[in-house]
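Listed here are the chains, written in short residue letters.
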Amino acid sequence: MVTRLGILGAGGFTRFSVESFLRVPDIRISGVFDINLQNSKSFSDKFGCKVFSSQEQLLEDTETEIIYIATPPFLHFIQSKQALLSGKHVICEKPAALKTEEVKELISIAHEKKLLYVVNLMQRYNPLFPNVKKVIEEKLLGEFLHGYFENYASDENLDEKHWMWDEKKSGGIFIEHAVHFFDLIEGWLGKGDVIASQKIMKEGVEHNIWPEVQAICNYGNRLVNFYHGFHQADRMDRQEMKMVFETGDITMYEWVPSKLILKGLVSESQIKPLQQIFTSDKIHIVKSFNEQEKYFRNHFSSRYADFEIRLETGDDNLKFNIYQQLLTDMLTDQIAWIKNRDHQRVITGENGLNSLIMAETANNIAVKL
């Protein structure tokens, strides 16, 4: 059965997403509306779909079942609400809205009308996500102790007048961007609380611009630091995420994690469950310990290890290929729920809400530097 997707907002990112969506069987693009007519026409030429003359015409189209919203964040709440009230399922780009109360309203409307409402927080579809989750849950490197995400992002195509810098339109970096990573960490560690945050203003520009933000969050009495700085050239855009445990650590690279390095001190009995998680990658023995070296103490506990190990998986040069697959998997998952309401989705509207609660809190309590 064909599912028809209507497009609201036809910028460059939309084209990347739609190319991924069209890899899902039986997906068709019913049409597009963008406030910039040239964007709509260019999109239509590429994907062979109808150009709607207004948002209202798109929402009234009887063939369109799902609305994909990829407009600036300040429009997300009202456009999602209008789509839901028109009887359409909604997949919205992050963030869900600029205020958590608005997201609660959207979830309520979707529930009442038995419609899909979800925000495209596709990080949990990453094949590395369940691997890391198993390491945490099975305590294969001991208890989780600390984590950080450092995001050195490009601002090369974001001039001073870009809507990204206008917090009335974007919500700021915490809300517009960091929601992805608040959701990702929550998937591994459970719900957290923001306990401190900071924002750094860029000096020497005409308008108030906050290109750097940082938050410290508490997850079950374990701290995770989030830093986002939009100040790099495109070619130097880079990210690193580290999860530190009692007897090892996991480091991931790129904002869509596409390369992982695991290091640890492990017993022989831990090798097999780790290898069962990372089935396609060989665990390398960096060092085998003699009998005297096998015993050590840290974090107020006596411990035992036969080996120091290292495992490397993935390729950070493939992040866009992985990103495309995550979008494809996200849409496949959501359509499965539309067809069968017993289907358990990887992400729901609650992901959009919980990640925005963290982001809005971080933004509201931030010390401005």
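Conventions used here
- Residues numbered from 1 in each chain as written.
- Predicted model: local features only at pLDDT ≥ 70, side-chain atom pairs only at ≥ 80, totals over all residues.
- Heavy atoms only, no water.
- Helix = DSSP H or I, 4+ residues; strand = E, 2+ residues; numbered from the N terminus.
- Buried < 20%, exposed > 50% of the residue type's maximum accessible area, 1.4 Å probe, protein only.
- Polar contact = N/O pair within 3.5 Å; in protein donor to acceptor, adjacent residues only side chain to side chain.
- Contact = heavy atoms within 4.5 Å.
- Lys, Arg positive; Asp, Glu negative; His and termini not counted.
- Salt bridge = Lys/Arg side-chain N within 4 Å of Asp/Glu carboxyl O.
- Axes fitted to C-alpha atoms, helices over the stretch in contact; angles between N-to-C directions.
- Parallel < 35°, antiparallel > 145°, perpendicular 65-115°, else oblique.
- Nonpolar A, V, L, I, M, F, W, Y, C, P; charged D, E, K, R; others polar.
- Phe/Tyr/Trp six-rings, centres within 6.5 Å; stacked < 30°, edge-to-face > 60°.
- Lys NZ or Arg CZ within 6 Å of the ring centre and 35° of its normal.
- Pairing = 2+ DSSP bridges.
- Core = buried A, V, L, I, M, F, W, Y, C linked by side-chain atoms within 4.5 Å.
- Patch = residues over 30% accessible without salt bridge, like charges linked within 9 Å, V, L, I, M, F, W, Y side chains within 5 Å.
- Areas by Shrake-Rupley, 256 points an atom, 1.4 Å probe, with all protein chains shown as cover.

1. A word on the side chain of Asp 183
Next, step 1: Secondary-structure assignment places Asp 183 in helix H8 (residues 173-189).
Next, step 2: Its relative accessible area of 2% is what places Asp 183 among the buried residues.
Next, step 3: At 3.0 Å, the side chain of Asp 183 and the side chain of Arg 124 are in polar contact.
Next, step 4: Every residue in contact with Asp 183, bar those within four places of it in the chain, is listed here: Leu 121, Arg 124, Asn 351 and Ser 355.

2. Things to note about the side chain of Glu 93
Next, step 1: Its location among the elements puts Glu 93 in the loop between strand E5 (89-92) and helix H5 (100-113).
Next, step 2: Notably, Glu 93 is buried but unbridged: the nearest opposite-charge side chain belongs to Lys 94, and the N-O separation is 5.9 Å.
Next, step 3: In terms of polar contacts, Glu 93 uses its side chain to reach the side chain of Asn 120, at 2.8 Å.
Next, step 4: Filtering out sequence-adjacent residues up to four positions away, Glu 93 remains in contact with Phe 13, Ser 17, Tyr 68, Ile 69, Ala 70, His 76, Val 119 and Asn 120.

3. Points about the packing of helix H6 (residues 128-137) against H8
Next, step 1: Relative orientation of the contacting elements H6 and H8 amounts to 40 degrees, with a least axis distance of 9 Å. In terms of axis orientation, H6 runs oblique to H8. Across the interface between the two elements, Phe 129, Val 132, Lys 133 and Ile 136 of H6 pack against Leu 184, Gly 187, Trp 188 and Leu 189 of H8.
Next, step 2: Its residues placed into classes, the contact of H6 with H8 shows six nonpolar, one polar and one charged.

4. Regarding the pattern of salt bridges
Next, step 1: Within this structure, the stated rule accounts for 16 salt bridges.
Next, step 2: For Glu 312, the salt bridge goes to Lys 259, with nearest N and O atoms at 3.5 Å. Remark: Lys 259 occurs in strand E13 (residues 259-266) and Glu 312 occurs in strand E17 (residues 307-314); sequence separation between them is 53 residues.
Next, step 3: By relative accessible area, Glu 312 is classed as partly exposed at 36%.
Next, step 4: For the salt bridge of Glu 291 with Lys 294, the shortest nitrogen-to-oxygen distance reads 3.6 Å.
Next, step 5: Among the residues examined, Glu 291 registers a relative accessible area of 51% and is labelled exposed.
Next, step 6: Lys 294 gets classed as buried once you look at its relative accessible area, which sits at 15%.
Next, step 7: What emerges from the salt-bridge pattern is a single network uniting Lys 259, Arg 310 and Glu 312.

5. Looking at the packing of aromatic side chains
Next, step 1: Scanning the model with the defined rule gives 14 aromatic pairs in all.
Next, step 2: Measuring from ring centre to ring centre gives 5.0 Å for Phe 21 and Tyr 68, while their planes differ by 90 degrees; the resulting arrangement is edge-to-face. One end of the pair, Phe 21, is in helix H1 (residues 12-21); the other, Tyr 68, is in strand E4 (residues 66-69), and 47 residues separate them in sequence. Tyr 68 shares its class with Phe 21; the two are buried.
Next, step 3: In textbook terms, an aromatic cluster arises when at least three aromatic residues are bridged by ring pairs, as seen for Phe 13, Phe 16, Phe 149, Phe 181, Trp 255, Phe 320 and Tyr 323.
Next, step 4: The ring centre of Tyr 253 lies 5.8 Å from the NZ or CZ of Lys 259, which sits over that ring.
Next, step 5: The side chain of Arg 345 reaches across the aromatic face of Trp 337, ending 4.4 Å from its centre.

6. Here's the deal with the pairing of E13
Next, step 1: Burial analysis of E13 places six of its eight residues in the buried class, which makes it a mostly covered element.
Next, step 2: Pairing of strand E12 (residues 248-253) with E13, which is carried by six bridges, proceeds in the antiparallel orientation. Looking across to E13, one finds that Met 252 is bridged to Leu 260.
Next, step 3: Between E12 and the antiparallel strand that follows it, E13, lie five residues; Glu 254 among them carries a positive phi value of about 80 degrees.
Next, step 4: With eight bridges joining them, E13 and E17 adopt antiparallel strand pairing. Considered in E17, the bridge of Leu 262 is made with Leu 311.

7. A few points about the nonpolar core
Next, step 1: Counting 109 residues, the largest nonpolar core has Tyr 117, Trp 188, Ile 250 and Leu 262 as its most contacted members.
Next, step 2: Tallying contributions element by element places H8 first for this core, with 10 residues.
Next, step 3: Excluding anything up to four places from it in sequence, Tyr 117 contacts Ser 80, Leu 84, Val 90, Ala 96, Val 103, Leu 106, Ile 107, Ala 110, Arg 345, Thr 348 and Gly 349.

8. Things to note about the packing of helix H4 (residues 76-85) against H5
Next, step 1: Orientation of H4 relative to H5, taken along the N-to-C sense of each, is 10 degrees, at an axis distance of 10 Å. Viewed along their axes, H4 and H5 adopt a mutual orientation that is roughly parallel. Contacts between H4 and H5 involve Phe 77, Ser 80, Lys 81, Leu 84 and Leu 85 on the former and, on the latter, Glu 102, Glu 105, Leu 106, Ile 109, Ala 110 and Lys 113.
Next, step 2: Here the contact of H4 with H5 is composed, by residue class, of six nonpolar, one polar and four charged.

9. A word on a nonpolar patch on the surface
Next, step 1: On the surface, a cluster of nonpolar side chains totalling about 260 Å² of accessible area is made up of Ile 200, Val 367 and Leu 369.
Next, step 2: Residue class for Val 367 comes out partly exposed when judged on its relative accessible area of 45%.

10. Regarding the sheet that holds E17
Next, step 1: Read from one edge to the other, the open sheet built from 10 strands follows the order E14-E17-E13-E12-E11-E7-E10-E9-E8-E18, with strand pairing classed as mixed. Each of the sheet's edge strands pairs with one partner strand only, and the pair in question is strand E14 (284-288) and strand E18 (367-368).
Next, step 2: Against the sheet, H6 touches strand E11 (238-245), E12, E13 and E17, its axis set at about 15 degrees to E13.
Next, step 3: Packing of helix H11 (residues 349-365) onto the sheet brings it into contact with strand E8 (193-200), strand E9 (212-218) and E18, and relative to E8 it is tilted by some 55 degrees.

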